[in-house]
Amino acid sequence: MRTATSLLDALVRHVDASGFAAHGLHVLVGDDTAEHHWTPDVRREVHSVAKGIAVLATGIAADDGLVDVDAPVSVSLPDVRYGPGTDAVTLRHLLTMTSGVDMPWSPTELHDWPDLALEFLGRPSRGRVFQYANASTYTAMRVLETHVGDVGTFVSRRLFDPLGIHDVSWARCANGHVAGGEGLAMRTGELARIGRLVRDRGEHDGRRVVGTRWCDAMHTDWVERDGAGPGYERYAMAGWDGPGRLWRLHGAYGQMLLFDGDTVVTVTADDHLGADAFAGAVADELERQGPTGP
């Protein structure tokens, strides 16, 4: 029967044998936890896991009635010169990567343009097709900002503070807006609190932090991707389906939250190439150990 300790021990053995460059590992099974660190547990960039934070922030604002995720972004940003069809893109489309706007990633994209959101929205949309882009989440947070004020402050007050996560800053572009799809540094244990909140469908210590529908939206209403490799065939609001029974929030270099029922595996790492194999090992071990109990 699966326990936090049995799963942790197996995954630690896998990391040590495979050479996966993990920093920290946290396992939650029910209310049972276990944790292991290979390096000091300092705050490190979580990369695209930040997209999940963007979804939760948007959900909190929507629950408050501050924003409509299905309204065209042109309602919130009326003075933008939109590309053909892009004025019909919604906040939901931006968060599910279905804006149809092509914007290849660049490590300097926050500084490549005078205003990244204006550049993104000024490009044409190909309709409701999947097009993964950090600029999409960045633009979503620009839309959210028009309804909640500074997004970093809003996230700290409404999401991080209730979870006991303090003094986290979000990287910003030259114009002072949060990066959106990246730019958050968190400890393994702090990231695990986000994982527990999502697993518990928006509740923390009996308090509602975000509506259930937003946690569910991370792994439902999948967008199918023809020709994609295993683990990248379906995407929802920030969540990837797979491998196996898992779904996950996945940041570059191996920062991941991996979910299976009442089990959450949180890993921080510096190993882009080894991340998919580690996720596969988690899925295999969960299958091997079986359910958590009656």
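To keep things clear, this report deals only with the structure shown in the data block. Each chain carries its own residue numbering, running from 1 in the written order of its sequence. In keeping with the predicted nature of the model, local features appear solely for residues at pLDDT of at least 70, side-chain atom pairs appear and are counted solely at 80 or more, and the whole-chain, interface and lining totals rest on all residues. Side-chain descriptors were evaluated using all non-hydrogen atoms of the structure, hydrogens and water having been removed beforehand.

1. Observations regarding the overall build of the protein
So, point 1. Numbered from the N terminus, helices here are DSSP runs of H or I no shorter than four residues, and strands are runs of E no shorter than two. If you tally the helices and strands in the protein, you get eleven helices and twelve strands.
So, point 2. Values of the radius of gyration come from C-alpha atoms, whereas the globule rule sets the reference at 2.2 Å times the count of residues to the power 0.38. The C-alpha radius of gyration of the protein comes to 19 Å, within 12% of the 19 Å expected for a compact globule of 294 residues.
So, point 3. Overall size of the protein, expressed as C-alpha extent along the three principal axes, is 55 × 40 × 35 Å.
So, point 4. Counting only residues that meet the buried cut, the protein has 55% of its 294 residues in that class.
So, point 5. Intrachain contacts of the protein at a sequence separation of at least 6 include 63% that bridge at least 24 residues.
So, point 6. Each accessible area value is a Shrake-Rupley result obtained with a 1.4 Å probe; residue values ignore everything except the protein chains displayed when judging cover. Split by element, the accessible area of the protein, about 12,200 Å² in all, is 50% carbon and sulfur.
So, point 7. The charge count treats Lys and Arg as positive and Asp and Glu as negative. His and the chain ends do not count. Every charge is mapped onto a representative atom, which is NZ of Lys, CZ of Arg, CG of Asp or CD of Glu. Charge separation in the protein, taken as the distance between the mean sites of 27 positive and 41 negative side-chain charges, equals 2 Å. Throughout, exposure labels follow a simple rule: accessible area from a 1.4 Å probe, protein chains only, divided by the maximum for the residue type, with under 20% read as buried, over 50% as exposed, and the rest as partly exposed. The contact definition used throughout considers only heavy atoms, calling two residues in contact when any of these lie within 4.5 Å.

2. Points about the side chain of Ser48
So, point 1. Relative to the helices and strands, Ser48 resides in the loop between β3 (44–45) and α2 (50–63).
So, point 2. Polar side-chain contacts of Ser48 include one of 2.8 Å to the side chain of Lys51. Between N or O atoms, a polar contact is any pair within 3.5 Å; within protein, one atom must be a potential hydrogen donor and the other a potential acceptor, and residues adjacent in sequence are included only when both atoms are from side chains.

3. Overview of the side chain of Asp115
So, point 1. Topologically, Asp115 is positioned in the loop between α5 (109–112) and α6 (116–121).
So, point 2. Setting aside residues no more than four positions away along its own chain, Asp115 makes contact with Arg142 and Asn175.

4. Some points on helix α1 (residues 4–18)
So, point 1. Expected helix span is computed as 1.5 Å times (number of residues minus one). The terminal C-alpha atoms of α1, which comprises 15 residues, lie 21 Å apart, in line with the 21 Å expected from a rise of 1.5 Å per residue.
So, point 2. Residues of α1 that are buried: Ala4, Leu7, Leu8, Ala10, Leu11, Val12 and Val15.
So, point 3. Elements that come into contact with the buried residues of α1 comprise β1 (22–29), β2 (32–37), β12 (263–269) and α11 (275–289).
So, point 4. At the C-terminal side of α1, Gly19 shows a positive phi close to 85 degrees.

5. Thoughts on the pairing of β12
So, point 1. Of all seven residues that make up β12, seven are buried, and the element is covered over most of its length.
So, point 2. Connecting strand β11 (residues 255–260) to the antiparallel partner β12 that follows it, the hairpin turn spans two residues, and Gly261 within it adopts a positive phi of roughly 60 degrees. At least two DSSP bridges between two strands are needed for those strands to be called paired.

6. Brief notes about the pattern of salt bridges
So, point 1. Each salt bridge in this description consists of a side-chain nitrogen of Lys or Arg and a carboxyl oxygen of Asp or Glu lying within 4 Å of one another. Under the definition given, this model contains 19 salt bridges.
So, point 2. Salt-bridge contacts for Glu190 lead to Arg187; the nearest nitrogen and oxygen are separated by 2.9 Å.
So, point 3. The class of Arg187 is partly exposed, set by a relative accessible area of 34%.
So, point 4. Among the charged side chains, a network of salt bridges with common partners joins Arg2, Arg245, Asp260 and Glu287.

7. Quick notes on the layout of surface pockets
So, point 1. Estimates place the volume of the largest pocket at around 560 Å³.
So, point 2. Put simply, Ala, Val, Leu, Ile, Met, Phe, Trp, Tyr, Cys and Pro go in the nonpolar bin, Asp, Glu, Lys and Arg in the charged bin, and everything else, Gly too, in the polar bin. In terms of residue class, the lining of the largest pocket is built from eleven nonpolar, nine polar and four charged.
So, point 3. Here the second largest pocket defines a volume of roughly 190 Å³.
So, point 4. The set of elements that each furnish at least two residues to the lining of the second largest pocket consists of α4 (91–95) and α10 (212–216).
So, point 5. Here the lining of the second largest pocket is composed, by residue class, of five nonpolar, four polar and four charged. Definitions used for this entry: grid spacing 1 Å over protein atoms alone; cavity, a set of points where a 1.4 Å probe fits but cannot get out; pocket, an open set with protein on both sides within 12 Å along at least 5 of 7 lines; lining residue, one with an atom within 4 Å of a point. Grid points are joined across faces, edges and corners, and a volume is the space filled by probe spheres set on the points.

8. Considering unusual backbone geometry
So, point 1. Following Gly242, the chain continues to Pro243 via a peptide bond in cis, the omega torsion being 0 degrees.
So, point 2. Position of Pro243 relative to the elements: it lies in the loop between β9 (240–241) and β10 (247–251).
So, point 3. Positive phi outside glycine occurs at Met97, with the angle close to 60 degrees.
So, point 4. Its place among the elements puts Met97 in the loop between α4 and α5.
So, point 5. Classification of Met97 by relative accessible area gives buried; the value is 0%.
So, point 6. Even without glycine at this site, Tyr253 takes up a positive phi of about 75 degrees.
So, point 7. Residue placement: Tyr253 occurs in the loop between β10 and β11.

9. A closer look at the nonpolar core
So, point 1. We define the nonpolar core as a collection of buried residues of types Ala, Val, Leu, Ile, Met, Phe, Trp, Tyr and Cys that are connected through side-chain atoms lying within 4.5 Å of one another. Leu56, Leu159, Phe160, Trp170 and Ile194 are the most contacted members of the largest nonpolar core, which totals 75 residues.
So, point 2. Here this core gets nine residues from one element, more than from any other, and that element is α2.
So, point 3. If we skip the residues at most four places from it in the chain, Ile194 touches Ile53, Leu56, Phe160, Leu163, Ile165, Met186 and Leu257.

Everything listed here is a matter of coordinates, which is why it stays silent on function.
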